[in-house]
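# A look at the structure
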Amino acid sequence: MTNEALDSVKLTDKQQRFVDEYLVDSNATQAAIRSGYSVDSARQSGYDNMTKPYIQDAIAEGRAKIVKRNAITIDDLINELEQARTAAMTAETAQSSAAVAATMGKAKMLGFLIDKKEHSGKDGEPLFPSITVKYE
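Source: prediction; values computed, not measured. (Residues numbered from 1 in each chain as written. Predicted model: local features only at pLDDT ≥ 70, side-chain atom pairs only at ≥ 80, totals over all residues. Heavy atoms only, no water.)

## Considerations on the packing of helix H6 (residues 74-90) against helix H7 (residues 96-109)
Our working rule: Axes here mean lines fitted to C-alpha atoms, for a helix over just the part in contact, with angles spanning 0 to 180 degrees between N-to-C directions. Secondary structure is summarised from DSSP: a helix means a run of H or I of at least four residues, a strand means a run of E of at least two, and numbering begins at the N terminus for each. In what follows, roughly perpendicular refers to angles from 65 to 115 degrees, roughly parallel to angles under 35, roughly antiparallel to angles over 145, and oblique to any angle outside these ranges. Helix crossings fall into two classes, left-handed where the near helix is turned counterclockwise from the far one by less than a right angle and right-handed where it is turned clockwise. Throughout, a residue-residue contact means that at least one pair of heavy atoms, one from each residue, lies within 4.5 Å. Three categories are distinguished: nonpolar for Ala, Val, Leu, Ile, Met, Phe, Trp, Tyr, Cys and Pro, charged for Asp, Glu, Lys and Arg, and polar for the others, with Gly belonging to the last.
Packing of H6 against H7 brings their axes to within 8 Å, and their N-to-C directions diverge by 160 degrees. Looking at the two axes, H6 sits roughly antiparallel to H7. Like other packed secondary-structure pairs, H6 and H7 cross with a definite hand, here left-handed. Counting all contacts with H6, which are made through Leu77, Ile78, Leu81, Glu82, Ala84, Arg85, Ala88 and Met89, the residues of H7 involved are Ala98, Ala99, Ala102, Thr103, Gly105, Lys106 and Met109. Residue composition of the contact of H6 with H7, grouped by class: 10 nonpolar, 2 polar and 3 charged.

## Thoughts on the pattern of salt bridges
This is how it is decided: The salt bridge definition used is simple: a Lys or Arg side-chain nitrogen within 4 Å of an Asp or Glu carboxyl oxygen. Throughout, exposure labels follow a simple rule: accessible area from a 1.4 Å probe, protein chains only, divided by the maximum for the residue type, with under 20% read as buried, over 50% as exposed, and the rest as partly exposed.
Counted by the stated rule, this structure contains 4 salt bridges. The shortest N-O distance in the salt bridge between Glu21 and Arg34 comes to 2.6 Å. With Glu21 in helix H2 (residues 13-25) and Arg34 in helix H3 (residues 28-35), this pair connects stretches of sequence that are 13 residues apart. By relative accessible area, which is 36% here, Arg34 ends up partly exposed. Between Glu82 and Arg85 there is a salt bridge; the shortest N-O distance is 2.8 Å. On the criterion of helical spacing, the pair formed by Glu82 and Arg85 is a turn pair, its members being 3 residues apart in helix H6. Judged by its relative accessible area of 27%, Arg85 falls in the partly exposed class. Within the structure, one salt-bridge network assembled from shared partners comprises Glu21, Asp25 and Arg34.

Given below as structure tokens:
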């Protein structure tokens, strides 16, 4: 089939249900069962559907919609943290610990706060003493 022919293929209702169910858990056999295919032949039906280019295209299109719908950016997270901080500070009883946690979360995301731990031995000595090997 050419790409133009694939674009004009209309999924049957059962195939569309299969695509929708496959997007739930990426399990072709279970998607076939939930779509109304026979339990006895579900594995084969799932396989057959997955080999059809127009069903593969419908699955890819469905995944793209899911990714777009659930897209989240650093700006989104920063805005949410700012809203949480503001709400915590303006609450009837100010919740300073929640505000501090939101502020610290923003600082981490923006790179202002980097967790660093220095590892050293007793009294600041190196953890591993240097070893000198002499070959004679």
